[in-house]
Amino acid sequence: MLLYCFDLKTKDLASYNTLKRRFYYHLTKLKKHDFLWNTKSVIVVDDANEVEFDLFFSKFKDYLILYKSKVISTQKVY
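Treat the numbers as computed from the prediction; the structure is a model and nothing was measured.

Draft legend 1. Quick look at the packing of helix α1 (residues 13-29) against helix α2 (residues 50-59). Remark: α1 packs on α2, axes separated minimally by 11 Å, with the N-to-C direction vectors making an angle of 160°. What the angle tells us is that α1 and α2 run roughly antiparallel. Note on packing geometry: the crossing formed by α1 with α2 is right-handed. Across the interface between the two elements, Phe23, His26 and Leu27 of α1 pack against Phe53, Phe56 and Phe57 of α2. Per-class residue counts for the contact of α1 with α2 are five nonpolar, one polar and no charged.

Next up, the structure:
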């Protein structure tokens, strides 16, 4: 299981809104995959989808702060 934590970065608000629309538009195209967990800035995916998501994030690498972690297990607390 892989945990991607990301933050979009731009120079101003107008370019941020444009980037955000493009980013989430392309992310929803990957919706054919079952994301275990998808919030505003965190996505958990299966190891089998690592290459596809790495390619997706590489399209936006100039506008992202991205962290990727390998997770052994997750537990719902509440």
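Picking up where we left off.
Draft legend 2. Layout of the packing of aromatic side chains. On inspection of all chains with the given rule, the structure shows 10 aromatic pairs. Their ring planes at 50° and their centres at 5.1 Å tell us that phenylalanine 6 and phenylalanine 23 sit as a pair that is tilted. Taken together, the residues span a long stretch of sequence, with phenylalanine 6 in strand β1 (residues 2-8) and phenylalanine 23 in helix α1 at a distance of 17 residues. Note on phenylalanine 56 and phenylalanine 57: the rings are 5.2 Å apart at their centroids and 65° apart in plane angle, and the pair reads as edge-to-face. A relative accessible area of 2% places phenylalanine 57 in the buried class. Three or more aromatic residues link up through ring pairs in this structure, and these residues are Tyr4, Phe6, Phe23, Tyr24, Phe53, Phe56, Phe57 and Phe60.

Calculation notes
- Residues numbered from 1 in each chain as written.
- Predicted model: local features only at pLDDT ≥ 70, side-chain atom pairs only at ≥ 80, totals over all residues.
- Heavy atoms only, no water.
- Axes fitted to C-alpha atoms, helices over the stretch in contact; angles between N-to-C directions.
- Helix = DSSP H or I, 4+ residues; strand = E, 2+ residues; numbered from the N terminus.
- Parallel < 35°, antiparallel > 145°, perpendicular 65-115°, else oblique.
- Left-handed = near helix turned anticlockwise from the far one by under 90°.
- Contact = heavy atoms within 4.5 Å.
- Nonpolar A, V, L, I, M, F, W, Y, C, P; charged D, E, K, R; others polar.
- Phe/Tyr/Trp six-rings, centres within 6.5 Å; stacked < 30°, edge-to-face > 60°.
- Buried < 20%, exposed > 50% of the residue type's maximum accessible area, 1.4 Å probe, protein only.

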